[in-house]
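Structural overview for review
Here is how the chains run, residue by residue.
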Amino acid sequence: MHIQEIDKTYVANTYDRYEPVFVSGKGSLVYDDTGKEYIDLASGIAVNCFGVADDAWIAAVTAQLGKLQHLCNKYYTAPQAMLAQKLCERTGMKKVFFANSGAEANECLIKVARKYGHDHHGANCSNIITLTNSFHGRTMATLTACGQKAMHKDFGPFVPGFLYANANDFASVAALADENTCGILMEMVQGEGGVNALDAEFVHQVASLCKQKDILLLVDEVQTGNGRTGKLYAYMHFGVEPDVVSTAKGIGGGLPLGVCMMGAKTADTLTAGTHGSTFGGNPVCCAGALSILDRLDDKLLADVARKGDFIKETLSACKGVSGVSGMGLMIGVALADKKASDVAHACLDAGVMVMTAKDKLRILPALNIPDELLKKAIDIMKGIIEA
Ligand SMILES: *Cc1c(COP(=O)(O)O)cnc(C)c1O
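Scope of this entry: the structure provided in the associated data block. What you are looking at is a predicted structure, and each value in this text was computed from that prediction instead of being measured.

Some points on the packing of aromatic side chains
Scanning the model with the defined rule gives one aromatic pair in all. Centre to centre, the rings of Phe-22 and Tyr-38 are 5.0 Å apart; their planes meet at 70°, and the pair counts as edge-to-face. Highlighted residues: Phe-22 in strand 1 (residues 22-26) and Tyr-38 in strand 3 (residues 37-40), separated in sequence by 16 residues. A relative accessible area of 32% places Phe-22 in the partly exposed class. If you follow Arg-295 out to its NZ or CZ, it ends over the ring of Phe-50, 4.1 Å from the centre.

If you want it as structure tokens, here you go:
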């Protein structure tokens with residue numbers, strides 16, 4: 001049997017997969033089992049920050065793998081402590097909890113917000129406001145947090161205490177915020193929702209409402225984080241100071257790692273026994289993450305911004321493109337006539353891996369994609385969109 005048939009027979013039907021079977025890669029080039037080469041503009045949904053089979057990451061991961069692959073979180077291990085220190089030093093956050101995925105990082109963020117509300121404002125202070133079109137994960141609490149009705153279909157009953165406001169509509173947030181609100185959760189650039197950045201004014205209004213009412217400002221940086229938008233974290237473009245930040249995807253460079261960072265207000269909210277994870281902050285994943293974080297320096301971040309500008313300029317001048325959105329190397333492309341999924345399939349046939357988000361194309365290359373490969377891939381996309 002072909003891999004496709006075995007997969008279709010035995011793997012749960014949750015993914016509408018593309019046809020090729022991928023076997024290997026290097027950097028931003030990936031190969032399928034026929035030897036065909038592809039330029040990767042998806043990086044595993046913003047996960048492979050430095051591409052496939054990145055030498056420095058492999059060295060960091062394998063060195064740790066040969067020493068100690070796992071111990072339970074009742075014991076100290078160096079990679080976890082050092083990663084937490086570096087994250088705090090670079091963000092100003094005070095403490096870190098490690099999990100294994102974006103959804104789990106958000107579960108922690110939700111628990112921190114609820115416990116902070118209970119500790120400071122009583123047991124009724126448990127509501128969390130999220131935004132329409134948001135995406136926060138697939139577990140029951142994070143699924144409830146998603147402001148997308150279509151995702152909720154057939155999975156009720158939901159976790160109580162989530163309220164939905166409209167993105168970029170401050171009045172709709174203010175109308176829901178009261179003494180029972182413990183947090184307001186948002187993505188600075190909504191990824192799955194269609195690569196839409198929030199308006200700076202809206203973000204500032206929400207941040208000042210949070211300060212004024214002692215509501216926690218909760219930022220989901222699972223997709224936008226770790227250099228993706230041209231800053232280490234996307235909130236840094238907006239000049240706000242979140243109380244809790246979650247991240248995952250890119251931080252592990254391809255191994256599962258979720259991070260929940262707590263600021264000054266919430267640093268001591270979680271206490272011994274109130275949260276935990278068997279695998280969270282695994283030494284191998286943390287060693288890999290240290291190698292990623294160490295290389296997300298100013299030069300690399302400036303390069304991310306420059307490459308993003310190149311994509312935006314090239315594609316917004318393209319016939320058949322009705323709009324280009326996003327920040328840094330997280331870009332959405334709205335099409336005038338063609339269907340994004342048709343274009344994504346045609347790109348794959350032509351040797352370019354590109355994603356979709358809602359009715360847009362979504363471009364999320366490795367942060368270090370070489371200029372010539374990026375140009376080649378965007379030219380191929382352009383040809384297909386204009387055809
Ligand atoms: C991907 C994503 C998640 C969920 O992450 P998983 O690792 O798939 O659980 C949560 N929030 C945002 C913004 C994401 O993009």
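Continuing now.
Some points on a nonpolar patch on the surface
A surface patch of nonpolar side chains, amounting to about 540 Å² of accessible area, comprises Met-1, Ile-3, Ile-6, Tyr-10 and Val-11. By secondary structure assignment, the location of Met-1 is in the segment before helix 1 (3-10).

Some points on the site of the ligand
Around the ligand, the neighbouring residues are Ser-101, Gly-102, Ala-103, Asn-106, Phe-135, His-136, Gly-137, Glu-187, Asp-220, Val-222, Gln-223 and Lys-249. In this structure, an oxygen atom belonging to the ligand sits 2.8 Å away from a main-chain N or O atom of Ala-103. One nitrogen or oxygen atom from the side chain of Gln-223 is found 2.8 Å from an oxygen atom belonging to the ligand. Here the residues of the shell around the ligand sort into three nonpolar, six polar and three charged.

Here is what the cut-offs are and how they apply
Residues numbered from 1 in each chain as written. Predicted model: local features only at pLDDT ≥ 70, side-chain atom pairs only at ≥ 80, totals over all residues. Heavy atoms only, no water. Phe/Tyr/Trp six-rings, centres within 6.5 Å; stacked < 30°, edge-to-face > 60°. Helix = DSSP H or I, 4+ residues; strand = E, 2+ residues; numbered from the N terminus. Buried < 20%, exposed > 50% of the residue type's maximum accessible area, 1.4 Å probe, protein only. Lys NZ or Arg CZ within 6 Å of the ring centre and 35° of its normal. Patch = residues over 30% accessible without salt bridge, like charges linked within 9 Å, V, L, I, M, F, W, Y side chains within 5 Å. Areas by Shrake-Rupley, 256 points an atom, 1.4 Å probe, with all protein chains shown as cover. Salt bridge = Lys/Arg side-chain N within 4 Å of Asp/Glu carboxyl O. Near = heavy atom within 4 Å. Polar contact = N/O pair within 3.5 Å; in protein donor to acceptor, adjacent residues only side chain to side chain. Nonpolar A, V, L, I, M, F, W, Y, C, P; charged D, E, K, R; others polar.

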